[in-house]
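What the coordinates show
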Amino acid sequence: GEEEEEDTRESMSVWHWAGKAVVSVPVFVFFKDNVASLGCIEGNSMRPTLNPDPGAHRDRVLLNKFSAVCNDYQRGDVCMLRNPNDNREWICKRLIAVGGDQVRTRSEDLVTVPRGYGWLEGDNDEERAGSMVDSNTFGPVPLALIRASV
C-alpha cells in the first residue's frame, strides 16, 4: 500500500539524483580541466600584482584554462605553468616575450625566444635581483607547459 508507494518514490528519487550525478560529474571535471577553475597564488614573485601585502593573505584567482587549450597567449598575460625545473610545482609568471621576440635578461644578455616558446618573469622588482625563479633562471619555456592564464 502506502509504504510501498513511499519506498518506490524514495528509490526513484535516489535513481533520479544518481542519474544527474552521472551526467554532472564528467561535465564539471571537463569544465575544471579545460575551461576554468579557481586557484590560489602563493609566494612573492608576482608582487605587487598578486599577493601585494606580505604575509596578509594569498590571492585567489580565476584560471582561464581555455586560453591554454587554444594556445591563445598574449605578451603581458599572467600565466600558471609547471616549473620546468620541477614538474610537481606550479609557478605563476608574466609572459614577457613569445617565439621570435628578443629579450634582455637580468644579466644583460640578448636572447631570441625560439618558436613555440615563451619568456616568463615575475613582477617583483625586489626579488628579481635575488632568488626569483623564472626564465632568467631556466631560459625560454615551451608554451605547452602553460596550463592557464590568470
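Since we're looking at a predicted model, the values are computed, not measured.

Quick word on the pattern of salt bridges
In the structure shown here, the tally under the stated rule is five salt bridges. The shortest N-O distance in the salt bridge between Arg58 and Glu42 comes to 2.9 Å. Here Arg58 is found in the loop between strand S1 (36-40) and strand S2 (60-64), whereas its partner Glu42 is found in the loop between S1 and S2, with 16 residues between them in sequence. Judged by its relative accessible area of 57%, Glu42 is exposed. Of the charged contacts in the structure, one is a salt bridge between Asp101 and Arg75, with a shortest N-O distance of 2.5 Å. Of the two residues, Asp101 is situated in the loop between strand S4 (86-98) and strand S5 (102-104) and Arg75 in the loop between helix H2 (66-69) and strand S3 (78-83); the sequence distance between them amounts to 26 residues.

A short note on the pairing of S3
On any regular strand, side chains alternate: one points to one face of the sheet, the next to the other face. Burial analysis of S3 places five of its six residues in the buried class, which makes it a mostly covered element. Here six bridges tie S3 to S4, and the two strands are oriented antiparallel to one another. Within the sheet, the bridge partner assigned to Arg82 lies in S4 and is Trp90. In this antiparallel pair of consecutive strands, S3 and S4, the connection spans two residues. As defined by bridge partners, S3 adjoins strand S9 (residues 146-149) across three bridges and the pair is classed as antiparallel. Following the sheet pairing, Met80 is matched in S9 by Ala148.

Thresholds, definitions, all that
- Residues numbered from 1 in each chain as written.
- Predicted model: local features only at pLDDT ≥ 70, side-chain atom pairs only at ≥ 80, totals over all residues.
- Heavy atoms only, no water.
- Salt bridge = Lys/Arg side-chain N within 4 Å of Asp/Glu carboxyl O.
- Helix = DSSP H or I, 4+ residues; strand = E, 2+ residues; numbered from the N terminus.
- Buried < 20%, exposed > 50% of the residue type's maximum accessible area, 1.4 Å probe, protein only.
- Pairing = 2+ DSSP bridges.

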